[in-house]
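Analysis of the macromolecular model
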Amino acid sequence: MNPPEPEPSVQQAEAALPAVAPQLRALRRRAALTLETAARAAGLSPAHLSRLETGQRQPSLPMLLTLARVYGTTVSDLLGETVADRDAVVRAAAMEPTRAGGWTYWQAGASGRGMQALRVQVPHGSQGDIVRVHPGEEWLYVLKGRLRLRLGDTTDLLGPGDSAHFDSLTPHRIAAQDPDGVELLFVHTLLQSPAATLCLGPNPSENGATS
């Protein structure tokens, strides 16, 4: 599959910082969050967030990533970048399969958005004991077969029609229960994080595929 767009470089972020302050305030208000609530969610003091919104302080790139997640948007949106129009419809003929480490992916949505949608074929016994932890949210829906989903200390078995929606900061692991594998619809929001931080696929140290 095509990986999400890369995060802005530190140089790009620093160059755009003068315009960030009013955008931070506008996005917080759009998210209907008070200064205190947003600051607490981002691990900041209200005074610090206020200084960011008034331009008295400049946010680091990690801080921009955190605030983007709190406001349910992307770093590009925080930086006020405009995005070219994309086709809303993805035709079946355009969903070319990509294979990596035994996994098969079909892009089911437009690339470069805050969310990425995939149809995924997960083979049996392909992931070993890999457990993922990363920012974002994930939603999956079982189309065919049975999925073993581990979230923290809990393991559930999901069948066709079952779904799960969870915070990716919860340690998680997915694996096919049956020899024939499992087929999923999968949606994630990683705020333009590298593809290697996904919970899908083989160990990224083994190849450059989605993990």
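Up top is the structure these notes are about.
A closer look at the packing of aromatic side chains
One pass over the structure, following the stated rule, counts two aromatic pairs. Aromatic pair Trp103 and Tyr105: ring centres 6.5 Å apart, planes at 15 degrees, arrangement stacked. What makes Trp103 buried here is its relative accessible area of 0%. Ring centres of Trp139 and Tyr141 lie 6.2 Å apart, and the angle between their planes is 20 degrees; this geometry places the pair in the stacked category. The exposure class of Trp139 is partly exposed, given its relative accessible area of 30%. In this structure, Arg119 packs its charged tip against the face of Trp106, placed 3.9 Å from the ring centre.

What to know about unusual backbone geometry
The backbone of Ala32 sits at a positive phi, close to 60 degrees, despite the residue not being glycine. On the basis of relative accessibility, which here comes to 68%, the residue Ala32 falls in the exposed class.

Considering the nonpolar core
Across soluble globular proteins, you tend to see nonpolar side chains buried next to one another. Leu44, Leu49, Leu52, Leu67, Tyr71 and Leu78 are the most contacted members of the largest nonpolar core, which has 19 residues in total. At the level of elements, helix H2 (20-30), helix H3 (35-42), helix H4 (46-53), helix H5 (61-70) and helix H6 (75-78) are the ones that each hand at least two residues to this core. Counting residues per element, this core draws most heavily on H5, at five residues. Trp103, Leu118, Ile174 and Val182 belong to the second-largest nonpolar core, a separate cluster that totals 18 residues.

Quick notes on the sheet that holds strand E7 (residues 163-167)
Here we have six strands laid out as an open sheet, ordered E1-E2-E3-E9-E4-E7, and antiparallel in their pairing. With one partner strand each, in any of the chains shown, strand E1 (97-100) and E7 form the two edges of the open sheet. Along the sheet, successive strands turn relative to each other by an average axial angle of 25 degrees, direction set aside. Pairing geometry for strand E3 (residues 116-122) and strand E9 (residues 182-189), over seven bridges, is antiparallel. Counterpart to Ala117 in the pairing with E9 is Val187.

With respect to the sheet that holds strand E6 (residues 154-158)
The sheet built from three strands is open, its strands ordered E6-E5-E8 with antiparallel pairing. Because the sheet does not close on itself, it has two edges, and the strands there are E6 and strand E8 (172-176). Pairwise comparison of adjacent strand axes, ignoring direction, gives a mean angle of 15 degrees for this sheet. Two elements, strand E5 (residues 147-151) and E6, share five bridges in a ladder whose sense is antiparallel. From the neighbouring strand, Arg148 faces E6, where its bridge partner is Leu157.

Some remarks on the side chain of Thr104
As for its placement among the helices and strands, Thr104 is situated in strand E2 (residues 103-107). Leave out the neighbours within four places in its chain, and Thr104 touches Pro97, Thr98, Arg99, Arg119, Val120 and Gln121.

Things to note about H2
By the burial criterion, the buried members of H2 are Val20, Ala21, Leu24, Leu27 and Arg28. The arc that holds every buried residue of H2, seen down its axis, measures 135 degrees, which confines them to one face. Set apart from the buried face of H2 by more than 90 degrees, the exposed residues are Pro22, Arg29 and Arg30. Of the residues one or two after H2, Ala32 is the one with positive phi, at around 60 degrees.

Details of a nonpolar patch on the surface
Together, Val131, Val133 and Leu169 make up a nonpolar patch on the protein surface, roughly 240 Å² of accessible area in all. Inspection of the secondary structure assignment puts Val133 in the loop between E3 and strand E4 (137-144).

Regarding the environment of Gly161
Relative to the assigned elements, Gly161 resides in the loop between E6 and E7. Setting aside chain neighbours within four positions, we find Gly161 in contact with Tyr141 and Val142.

Some words on H3
Those residues of H3 that fall on the buried side of the exposure criterion are Leu35, Ala38, Ala39 and Ala42. Projected onto a plane normal to the axis of H3, the buried residues spread over an arc of 100 degrees and lie on a single side. Residues of H3 that are exposed and point more than 90 degrees away from the buried face comprise Arg40 and Ala41. Elements in contact with the buried residues of H3: H2, H4 and H5. At the exit of H3 stands Gly43, carrying a positive phi of roughly 75 degrees.

Criteria and cut-off values
- Residues numbered from 1 in each chain as written.
- Predicted model: local features only at pLDDT ≥ 70, side-chain atom pairs only at ≥ 80, totals over all residues.
- Heavy atoms only, no water.
- Phe/Tyr/Trp six-rings, centres within 6.5 Å; stacked < 30°, edge-to-face > 60°.
- Buried < 20%, exposed > 50% of the residue type's maximum accessible area, 1.4 Å probe, protein only.
- Lys NZ or Arg CZ within 6 Å of the ring centre and 35° of its normal.
- Core = buried A, V, L, I, M, F, W, Y, C linked by side-chain atoms within 4.5 Å.
- Helix = DSSP H or I, 4+ residues; strand = E, 2+ residues; numbered from the N terminus.
- Pairing = 2+ DSSP bridges.
- Axes fitted to C-alpha atoms, helices over the stretch in contact; angles between N-to-C directions.
- Contact = heavy atoms within 4.5 Å.
- Arc of directions from axis to C-beta.
- Patch = residues over 30% accessible without salt bridge, like charges linked within 9 Å, V, L, I, M, F, W, Y side chains within 5 Å.
- Areas by Shrake-Rupley, 256 points an atom, 1.4 Å probe, with all protein chains shown as cover.
- Salt bridge = Lys/Arg side-chain N within 4 Å of Asp/Glu carboxyl O.

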